[in-house]
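Descriptive analysis of the structure
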Amino acid sequence: MFSGIIEAIGKARYSAGRLYVEVPFKVTPGASVAVNGACLTVISFDGRIATFDVGEETRKRTNLTRAKFVNLERAMKVGERLNGHIVTGHVDGTLRFLASRKSKNTTWMAFEMPPERWGVAEKGSIAINGVSLTVAKVEPTRFWVQVIPYTLKKTNLGSLRPGDEVNYEIDVLARYVRRIQEVKG
């Protein structure tokens, strides 16, 4: 489990089912790391490069095979403060970044609406490339988030260009509310 508060950005390279990422903190084999929001298991670490196996489902649902720089977050420890929102690392799929505009100390960022539009609500949470964000505005074909300068600088969101592909994860609480409604329905 993760919080969506990114610790670092790492340079990434994908080859033959494995992802190689420069990691600026110590990790051990067997540890879980959110890589652009996808929960991956470290299979080796040489003190600089962490290696991860990338399964078929993860390859299909994420941008990891194409990403050059990835957001990194180590798994939360029990009892730690939860600063973002609950992020499972189970990426739903990819979306396109559409546009951005600046307003004072905020950058508004628009993303295409995912198929799970029921999970995108104003003031609700969503993870984009593993970053915990609050949905600021919902429109029929897109949604907007507000990003502060610190987050733009400390994550790969600041380097996005219109048309770029990002990973997304619908808020886990919205997912369970939806499932309860389906079962009761």
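Residues numbered from 1 in each chain as written. Predicted model: local features only at pLDDT ≥ 70, side-chain atom pairs only at ≥ 80, totals over all residues. Heavy atoms only, no water.

**Focus: the sheet that holds strand 5 (residues 49-53)**
To keep it simple, the criterion reads: Two strands qualify as a pair provided that DSSP identifies no fewer than 2 bridges between them. Here a helix means four or more residues in a row that DSSP labels H or I, a strand means two or more in a row labelled E, and each is numbered from the N terminus. For helices, the fitted line uses only the C-alpha atoms of the stretch in contact; every axis is such a line through C-alpha atoms, and the angle between N-to-C directions lies from 0 to 180 degrees.
Spatially, 1-2-5-4-3-6 is the arrangement adopted by the six strands of the closed barrel, whose pairing is antiparallel. Strand-to-strand, the axes of this sheet are offset by a mean angle of 45 degrees, without reference to chain direction. In terms of strand pairing, strand 1 (residues 8-15) meets strand 6 (residues 69-74) through four bridges, oriented antiparallel. Opposite Lys11, over in strand 6, you have Phe69 as the bridge partner.

**Quick word on the sheet that holds strand 12 (residues 165-170)**
Pairing in this closed barrel of six strands is antiparallel, and the strands run 7-8-11-10-9-12 around the ring. Across the sheet, the mean angle from the axis of one strand to that of its neighbour is 45 degrees, orientation sign disregarded.

**Side note on the pattern of salt bridges**
Here is the rule we go by: Each salt bridge in this description consists of a side-chain nitrogen of Lys or Arg and a carboxyl oxygen of Asp or Glu lying within 4 Å of one another. Exposure categories follow from relative accessible area, calculated using a 1.4 Å probe and restricted to protein chains: below 20% of the type maximum is buried, above 50% is exposed, and the middle band is partly exposed.
Overall, the coordinates contain eleven salt bridges when judged by the stated rule. The shortest N-O distance in the salt bridge between Arg18 and Asp53 comes to 2.7 Å. You can see Arg18 sitting in strand 2 (residues 18-22) and its partner Asp53 sitting in strand 5, a full 35 residues away along the chain. For Arg18, a relative accessible area of 34% puts it in the partly exposed group. With relative accessibility at 39%, the residue Asp53 sits in the partly exposed group. One network of salt bridges, with partners in common, ties together Lys137, Glu139 and Arg142.

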